[in-house]
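Residues per chain are reported as follows:
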Amino acid sequence: MKTVLFGVLAVVLFSGCSNLTKREVANTPPCDDSQYIYKFCTNQKDAFESAIAESKADGKPLLITFGADWCPWCRSMHETLRSQEVLSQLKSQIRVMEIGMNIGKTREKNEPGLEVLRSVIAKSGQNVKVEGIPFLVMINAKSEKIVFLKTKEVSTENFGQDRALLIGVLNQAIMELR
């Protein structure tokens, strides 16, 4: 009798927990990162592989900015790379993509973004230490050459980048990848 009561009680308790979990899952809104520069809902690995395929097809090197929306230098790098001054000189020469390292404006790690970064570093065969974000990588998809760019060299004290220096660093990376 005790066994039967215990069994019935266990079924009632666990079925209640199970329904609660289903309800919580049903009420969870879908992930939406459309308002963010550095995506975290999108499958970062698929987005990276797609960008590599496009880069390989058109022969343009792929510039990847690994960053986060909470980072003022990362937001500034995005704006700088999208500025008319930079675009007018580099748009015909490179492709650009951003990969999120954190979820939204939090410091919670975005594991898929980190996974892409780790795979790029491993593929390079170089001993690379990521000291912060934004972290820039330029890849020649055809030759599989990889260049890591130092953003400290182009950063200004007021959370920005010197556009002329950045253009110079990017042009130097393009030359290294040839």
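Residues numbered from 1 in each chain as written. Predicted model: local features only at pLDDT ≥ 70, side-chain atom pairs only at ≥ 80, totals over all residues. Heavy atoms only, no water.

### Some remarks on the nonpolar core
Thought 1: Counting 20 residues, the largest nonpolar core has F48, I64, F66, V120, V137 and I139 as its most contacted members.
Thought 2: Among the elements that line this core, the one with the most residues is helix α5 (residues 111-124), at five residues.
Thought 3: For I139, the contacting residues outside a window of four places in its chain are F48, I52, S55, P61, L62, I64, V120, K145, I146 and L177. (Core = buried A, V, L, I, M, F, W, Y, C linked by side-chain atoms within 4.5 Å. Buried < 20%, exposed > 50% of the residue type's maximum accessible area, 1.4 Å probe, protein only. Helix = DSSP H or I, 4+ residues; strand = E, 2+ residues; numbered from the N terminus. Contact = heavy atoms within 4.5 Å.)

### Some remarks on unusual backbone geometry
Thought 1: For the peptide bond that leads from I133 to P134, omega is 5 degrees, which places it in the cis range.
Thought 2: Note on placement: P134 falls in the loop between α5 and β3 (135-140).
Thought 3: At E144, a position not held by glycine, the phi torsion is positive, near 65 degrees.
Thought 4: Along the chain, the position of E144 falls in the loop between β3 and β4 (145-149).
Thought 5: The partly exposed category is assigned to E144, whose relative accessible area is 44%.

### Brief notes about the confidence of the model for the protein chain
Thought 1: Confidence in the prediction for the protein chain averages 85 pLDDT; 84% of positions are at 70 or higher.
Thought 2: The element-level mean pLDDT for the protein chain is lowest in helix α1 (residues 2-27), coming to 44, with β3 highest at 97.
Thought 3: Within the model, the stretch residues 1-25 combines pLDDT values under 50 with zero contacts to residues more than four positions away or in other chains. (pLDDT = per-residue confidence, 0-100.)

### What about the sheet that holds β4?
Thought 1: The strand order across the open sheet formed by four strands is β2-β1-β3-β4, and the pairing between neighbours is mixed. Strands with a single pairing partner mark the edges of an open sheet, and in this sheet they are β2 (95-100) and β4. Adjacent strand axes in the sheet meet at a mean angle of 20 degrees when their direction is disregarded.
Thought 2: With five bridges joining them, strand β1 (residues 62-67) and β3 adopt antiparallel strand pairing. Bridge pairing in β3 links L63 to M138.
Thought 3: Each of β1, β2 and β3 touches helix α2 (residues 44-58); the most contacted strand, β2, lies at about 170 degrees to it.
Thought 4: Across the sheet, helix α3 (residues 72-81) touches β1, β2 and β3, and the angle it forms with β1 is around 155 degrees. (Pairing = 2+ DSSP bridges. Axes fitted to C-alpha atoms, helices over the stretch in contact; angles between N-to-C directions.)

### Here's the deal with the state of the cysteines
Thought 1: With the rule as written, the count across this model stands at one disulfide.
Thought 2: Here C31 is linked by a disulfide to C41, with a sulfur-sulfur distance of 1.7 Å. Since a negative S-S torsion denotes a left-handed disulfide, the C31-C41 link at about -70 degrees is left-handed. In this pair, C31 sits in the loop between α1 and α2 while C41 sits in the loop between α1 and α2, placing the two residues ten residues apart along the sequence.
Thought 3: Residue classification places C31 among the exposed positions, given a relative accessible area of 51%. (Disulfide = S-S within 2.5 Å.)

### Focus: the pattern of salt bridges
Thought 1: Summed over the entire model, instances satisfying the criterion amount to five salt bridges.
Thought 2: The partner of E98 in a salt bridge is R82, with the nearest N and O atoms 3.3 Å apart. With E98 in strand β2 and R82 in the loop between α3 and α4 (84-90), this residue pair connects regions lying 16 residues apart in the sequence.
Thought 3: E111 is the salt-bridge partner of R118, the closest N and O atoms lying 2.6 Å from each other.
Thought 4: One network of salt bridges, in which partners are shared, links E54, D58 and R95. (Salt bridge = Lys/Arg side-chain N within 4 Å of Asp/Glu carboxyl O.)

### Section: the environment of R118
Thought 1: Here R118 lies in helix α5.
Thought 2: Along the backbone, R118 and V128 are ten residues apart, and their C-alpha atoms lie at a distance of 9.9 Å.
Thought 3: Only 2.6 Å separates the side chain of R118 from the side chain of E111, close enough to count as a polar contact. (Polar contact = N/O pair within 3.5 Å; in protein donor to acceptor, adjacent residues only side chain to side chain.)

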